[in-house]
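Spelled out, the chains give:
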Amino acid sequence: MLAAMTPAPLILPAPHPLLNCWRLLDAAAAEQLFHALCAGIPWTDGSYLAAGRRFRLPRQQAWFSDAGIDYRYAQNLLNSHGWTPPLAALREQVAQLTGHRFNAVLANLYRDGEDHVGWHADDEADLGPAPVIASLSLGATRAFHWRPKPGVAGAAASLPLEAGTLLLMRAPFQQQWEHAVPAEPDIAGARLNLTFRRVFPQP
Ligand SMILES: O=C(O)CCC(=O)C(=O)O
Ligand SMILES: [Fe+2]
């Protein structure tokens, strides 16, 4: 399932100094992993708090982590699952390729083109002062957009993330930029995304 050779970096149509991209899995391996994970992951409908109201997330999620590493976002606590064999193997491969070790992975399932993630930065305190996040895309190709936070120089742009692509967001991307995967109602297929993270539990 896992490629034996180190993948070459992809040349991005819209380069960003803090983003790197590789084709981690070929189309067949990506397809196989997509189906295995879609069926095998205990997906939940998450929710989040905004302006005092609770909203249902427009995607499904699951959280896998080392013992004691919780996922908390906007008073939303996901159950923690242990590493499954395919996720543990992927974590190793991602660490070898990127040089970064991760202790958790947030899985996102975009069931169709309506599911999305709005503009945000993964800059919560428990991700530390300089978060590094590696993101593997499977299933339908969706566009990943970025824009500078207020006061940061640079232009908004986007990149289509094909199945099998690994995107590394290096620091200080989360401190300086926001990202989103907007709805694309014309897309019928599902997309699965794994974001590998390093969480520093807060006292
Ligand atoms: O699905 C993606 O490519 C991005 C997901 C994301 O931004 C997140 O989980 O924080
Ligand atoms: Fe994110």
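Residues numbered from 1 in each chain as written. Chains lettered and ligands numbered in written order. Predicted model: local features only at pLDDT ≥ 70, side-chain atom pairs only at ≥ 80, totals over all residues. Heavy atoms only, no water.

An unreviewed UniProt entry annotates the chain as Alkylated DNA repair dioxygenase AlkB originating from Azoarcus indigens.

### A look at the pattern of salt bridges
Where charged atoms from two side chains of opposite charge come close, those side chains can pair. All chains considered together, the criterion is met by ten salt bridges. The shortest N-O distance in the salt bridge between Arg91 and Asp66 comes to 3.1 Å. Remark: Asp66 occurs in the loop between β3 (53-65) and β4 (71-73) and Arg91 occurs in helix α2 (residues 85-98); sequence separation between them is 25 residues. Salt-bridge contacts for Asp115 lead to Arg111; the nearest nitrogen and oxygen are separated by 2.7 Å. Judged by relative accessible area, which is 7%, Asp115 ranks as buried. The exposure class of Arg111 is partly exposed, given its relative accessible area of 37%. (Salt bridge = Lys/Arg side-chain N within 4 Å of Asp/Glu carboxyl O. Helix = DSSP H or I, 4+ residues; strand = E, 2+ residues; numbered from the N terminus. Buried < 20%, exposed > 50% of the residue type's maximum accessible area, 1.4 Å probe, protein only.)

### So, the packing of aromatic side chains
Counted according to the given criterion, the structure contains four aromatic pairs. Note on Trp83 and Phe196: the rings are 6.5 Å apart at their centroids and 10° apart in plane angle, and the pair reads as stacked. Note that Trp83 is positioned in the loop between β6 (80-81) and α2 and Phe196 in strand β14 (residues 191-197), a separation of 113 residues in sequence. Each of the two residues, Trp83 as well as Phe196, counts as buried. Measuring from centroid to centroid gives 6.2 Å for Phe144 and Trp146, while their planes differ by 50°, and the two rings are tilted. (Phe/Tyr/Trp six-rings, centres within 6.5 Å; stacked < 30°, edge-to-face > 60°.)

### Regarding the coordination of the iron ion (ligand 2)
For the iron ion (ligand 2), the protein coordination sphere consists of His120 (NE2), Asp122 (OD) and His179 (NE2), at 2.1 Å. For the iron ion (ligand 2), the donor residues sit on a single chain with the sequence spacing H-x1-D-x56-H. Remark: His179 occurs in strand β13 (residues 177-181) and Asp122 occurs in the loop between β8 (117-120) and β9 (133-139); sequence separation between them is 57 residues. For Asp122, a relative accessible area of 7% corresponds to the buried category. Judged by relative accessible area, His179 falls into the buried class, the value being 5%. (Donors = N, O, S within 2.8 Å, 3.2 Å for Na, K, Ca; no water.)

### Description of the layout of surface pockets
In this structure, the largest pocket spans a volume of roughly 410 Å³. If you go around the largest pocket, you meet 26 residues; those closest to its centre are Arg59, Val117, Gly118, His120 and Asp122. Here the residues of the lining of the largest pocket sort into twelve nonpolar, nine polar and five charged. (1 Å grid on protein atoms, 1.4 Å probe; cavity = no way out; pocket = protein on both sides within 12 Å on 5 of 7 lines; lining within 4 Å. Points joined across faces, edges and corners; volume = space filled by probe spheres on them. Nonpolar A, V, L, I, M, F, W, Y, C, P; charged D, E, K, R; others polar.)

### A few points about the sheet that holds strand β11 (residues 157-161)
If you walk across this open sheet you meet the four strands as β8-β13-β10-β11, and the pairing is antiparallel. Edge strands, defined here as strands with exactly one partner in the open sheet, are β8 and β11. Adjacent strand axes in the sheet meet at a mean angle of 15° when their direction is disregarded. (Pairing = 2+ DSSP bridges. Axes fitted to C-alpha atoms, helices over the stretch in contact; angles between N-to-C directions.)

### Structural notes on the nonpolar core
One finds Leu194 and Phe196 to be the most contacted residues of the largest nonpolar core, which totals 30 residues. Of all elements in the fold, only α1 (27-40), β3, α2, β7 (104-110), β9, β12 (165-169) and β14 reach the threshold of two or more residues within this core. Residues in contact with Leu194, not counting those within four places in the same chain, are Leu37, Leu87, Leu90, Val105, Leu106, Ala107, Ala134, Ser135 and Leu136. The next biggest cluster of nonpolar side chains, apart from the first, holds 17 residues, and it includes Val117, Phe144, Leu159 and Leu167. (Core = buried A, V, L, I, M, F, W, Y, C linked by side-chain atoms within 4.5 Å. Contact = heavy atoms within 4.5 Å.)

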